Amino acid sequence: MAFQDKWKQYKERQEAKKYFRSHNDQFLDSSEWIKTIGGGVLVAIATGIVLALVISTLHITSSLFYLISAYIIATAVTRISQIHSQQIAIISVVLTFLGYVVSEITMSYLVLSQLGIDIGIAAVFQFIIPSIKSLFVGDLFTTIVAVIGLFIAYEISK
């Protein structure tokens, strides 16, 4: 009987620690912030490249892809940090935007490579500002869905 009581107390302490950790963003130290941001950047870049490859392969610019990438990035950031808070939500939004920008840059690069224009990696950085502009000025519906994706990333991480 004593073992069962100790086990029950142990489970309650573990549950309390888990609850505290998931609702307190001050619990993260600097190394965990670096791990969260670094892992999130890698996930955002990978998601952006996959998004661009899927769109260019299918020749369909489906807005559903933007929502899925926002969900994936926000879920990855919250799983890496194991915390839901406003600061993590802001990081998720910024990283989701980074994923969208990487997607637009990759699509521009893929179009030029399919046309036979060979450009170096350094020239890719010339596409950053036009890519951001094309994301938010090109197609109104895609812009609205991208903004909705940013809201989804915020709400998932909050």
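Our subject is the structure that appears above.
Here the residue numbering is sequential within each chain, running from 1 through the sequence in written order. With the structure being a predicted model, the display of local features is reserved for residues of pLDDT at least 70 and the display and counting of side-chain atom pairs for 80 or more, all residues being used for whole-chain, interface and lining totals. Calculated side-chain values reflect all of the structure's heavy atoms, with hydrogen atoms and water omitted.

Helix axes use the C-alpha atoms of the stretch in contact, all axes being lines fitted to C-alpha atoms, and the angles between their N-to-C directions lie in the range 0 to 180 degrees. Only runs of H or I of at least four residues qualify as helices and only runs of E of at least two qualify as strands under DSSP, and these elements are numbered from the N terminus. Between helix α2 (residues 30-58) and helix α4 (residues 86-114), whose axes approach to 7 Å, the crossing angle comes to 35 degrees. α4 is crossed by α2, and the crossing has right-handed handedness. Only Asp, Glu, Lys and Arg are considered charged in this grouping, and only Ala, Val, Leu, Ile, Met, Phe, Trp, Tyr, Cys and Pro are considered nonpolar; every other residue, Gly among them, is considered polar. Partitioning the contact of α2 with α4 into residue classes produces 17 nonpolar, eight polar and no charged. By definition, turning the near helix anticlockwise from the far helix through less than a right angle yields a left-handed crossing, and turning it clockwise yields a right-handed one.

One can expect most non-glycine residues to show negative phi and most peptide bonds to be in trans. Positive phi, close to 60 degrees, is recorded for Gln82, a residue that is not glycine. Within the secondary structure, Gln82 sits in the loop between α3 (63-81) and α4. Relative accessibility under 20% of the residue-type maximum defines a buried residue, over 50% an exposed one, and the middle range a partly exposed one, all with a 1.4 Å probe and only protein chains included. In this structure Gln82 comes out as partly exposed when scored by relative accessible area, which is 47%.

What follows concerns the environment of Gly40. One can find Gly40 in helix α2. A sequence separation of 37 residues divides Gly40 from Val77, and the C-alpha atoms of the two residues are 5.4 Å apart.

What follows is about the nonpolar core. In this structure, Leu51, Ile55, Tyr66, Tyr100 and Met107 are the most contacted members of the largest nonpolar core, which totals 13 residues. When contributions to this core are tallied by element, the ones reaching two or more residues are α2, α3, α4 and α7 (140-157). Ala44, Ile83, Ile91 and Leu95 belong to the second-largest nonpolar core, a separate cluster that totals seven residues. As used here, the term nonpolar core means buried Ala, Val, Leu, Ile, Met, Phe, Trp, Tyr and Cys residues forming a set that is joined through side-chain atoms within 4.5 Å.

Residue placement: Thr78 occurs in helix α3. Contacts between residues were defined by any pair of non-hydrogen atoms, one from each residue, lying within 4.5 Å. What Thr78 contacts, discounting residues up to four positions off in sequence, is Ile83, His84, Ile88, Ile156 and Ser157.

Before going further, it helps to examine α4. For a helix, the expected span equals 1.5 Å multiplied by the number of residues minus one. Its 29 residues give α4 an end-to-end C-alpha distance of 42 Å, which sits within 8% of 42 Å, the value for a rise of 1.5 Å per residue. Taken from the residues just after α4, Gly116 is the one with a positive phi, measuring 90 degrees.

Turning to a nonpolar patch on the surface, a few remarks are in order. A patch consists of residues whose relative accessible area exceeds 30% and which take part in no salt bridge; residues with like charges are grouped when within 9 Å of each other, and nonpolar side chains (Val, Leu, Ile, Met, Phe, Trp, Tyr) when within 5 Å. The accessible surface values rely on the Shrake-Rupley method and a 1.4 Å probe; as for residues, cover is taken only from the protein chains in view. Between Lys or Arg on one side and Asp or Glu on the other, a salt bridge is scored when a side-chain nitrogen of the former is within 4 Å of a carboxyl oxygen of the latter. Where nonpolar side chains cluster on the molecular surface, the patch consists of Leu64, Ile68, Tyr71 and Ile72 and spans about 380 Å² of accessible area. With respect to the helices and strands, the residue Ile72 is situated in helix α3.

Another aspect to go through is the environment of Gln86. Positionally, Gln86 belongs in helix α4. Residue classification places Gln86 among the partly exposed residues on the basis of a relative accessible area of 47%.

Read these as layout, nothing more, since geometry by itself doesn't imply function.
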